[in-house]
Amino acid sequence: QVQLVESGGGSVQAGGSLRLSCAASGNPLNNYCMGWFRKAPGKDHEWVASIDRAGNINYSNSVKGRFTISRDNAENTLYMQMYSLKPEDTAMYYCAADGRRWSACQQDSAEYRTWGQGTQVTVSS
């Protein structure tokens, strides 16, 4: 099974940028659907972006054009570059993996079997 560790969160002002990392170990992450999710206080996990085994990428409408998901197979690390951050982006951000061979990566957090510990992103106005 793959293990995941997120890093790169922090506090920024609105309009700023952060780059989140998700280091994978145990298995190559390109054997998995990989997703980024976020959870704000009092809210459920929200799907943000995903990348499948072939490198196909999808984004939620709320972050499309501002966030970029990518994968470095040599480093076995998933990234999410975030720019033009807004206060409503404030949340705990998680990466998640699932090895089941879906035709497309799922957007429901409950479908993912493996999760990292999360990294906090706080955006002030």
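Predicted model only: the values in this text are computed from it and were never measured.

Participant: Describe the overall build of the chain, naming the residues involved and giving the relevant values.
Facilitator: The number of helices and strands found in the chain is zero helices and eleven strands. Going residue by residue from the N terminus, the α and β elements of the chain occur as β-β-β-β-β-β-β-β-β-β-β. The C-alpha radius of gyration computed for the chain amounts to 13 Å, which stays within 12% of the reference 14 Å derived for 125 residues, consistent with globular compactness. Across the 125 residues of the chain, 46% fall into the buried class. Long-range contacts, defined as pairs at least 24 residues apart, comprise 58% of the intrachain contacts of the chain with a sequence gap of at least 6. Charged side chains in the chain number 12 positive and 11 negative. The centres of these two groups are separated by 2 Å.

Participant: Please provide a residue-by-residue account of the sheet that holds strand β3 (residues 18-25), values included.
Facilitator: Across a sheet, strands are paired by hydrogen bonds formed along the backbone, either parallel or antiparallel in direction. Spatial strand order, β1-β3-β8-β7: four strands in an open sheet with antiparallel pairing. The sheet is open, and its two edges are formed by β1 (3-7) and β7 (67-72), each paired on a single side. Averaged over all adjacent pairs, the angle separating strand axes in this sheet is 15 degrees, with direction ignored.

Participant: Any chance you could break down the pattern of salt bridges for me, citing the residues and the numbers?
Facilitator: Going through the model one piece at a time under the given rule, you end up with five salt bridges. Here R38 and E46 are joined by a salt bridge, their closest N and O atoms 2.9 Å apart. Taking the relative accessible area as the measure of exposure, R38 reaches 6% and is therefore buried. What makes E46 partly exposed here is its relative accessible area of 31%. Among the salt bridges present, the one from D89 reaches R38, with a minimum N-O distance of 2.9 Å.

Participant: So what's going on with the side chain of E6? Which residues, and what values?
Facilitator: Note on placement: E6 falls in strand β1. No salt bridge is formed by the buried E6. Its closest oppositely charged neighbour is R38, at 13 Å. For E6, the side chain forms a polar contact with the main-chain nitrogen of C95, separated by 2.7 Å. Polar side-chain contacts of E6 include one of 2.8 Å to the backbone nitrogen of G118.

Participant: Could you give an account of the state of the cysteines, naming the residues involved and the relevant values?
Facilitator: Under the definition given, this model contains two disulfides. Here C22 is linked by a disulfide to C95, with a sulfur-sulfur distance of 1.9 Å. Disulfide C22-C95: the torsion about the S-S bond is 65 degrees, which places it as right-handed. Of this pair, C22 sits in strand β3 while C95 sits in strand β9 (residues 91-98), placing them 73 residues apart in sequence. Taken as a pair, C22 and C95 share a single burial class, namely buried.

Quick notes on the rules
- Residues numbered from 1 in each chain as written.
- Predicted model: local features only at pLDDT ≥ 70, side-chain atom pairs only at ≥ 80, totals over all residues.
- Heavy atoms only, no water.
- Helix = DSSP H or I, 4+ residues; strand = E, 2+ residues; numbered from the N terminus.
- Rg over C-alpha atoms; globule rule 2.2 N^0.38 Å.
- Buried < 20%, exposed > 50% of the residue type's maximum accessible area, 1.4 Å probe, protein only.
- Contact = heavy atoms within 4.5 Å.
- Lys, Arg positive; Asp, Glu negative; His and termini not counted.
- Charge placed at Lys NZ, Arg CZ, Asp CG, Glu CD.
- Pairing = 2+ DSSP bridges.
- Axes fitted to C-alpha atoms, helices over the stretch in contact; angles between N-to-C directions.
- Salt bridge = Lys/Arg side-chain N within 4 Å of Asp/Glu carboxyl O.
- Polar contact = N/O pair within 3.5 Å; in protein donor to acceptor, adjacent residues only side chain to side chain.
- Disulfide = S-S within 2.5 Å.

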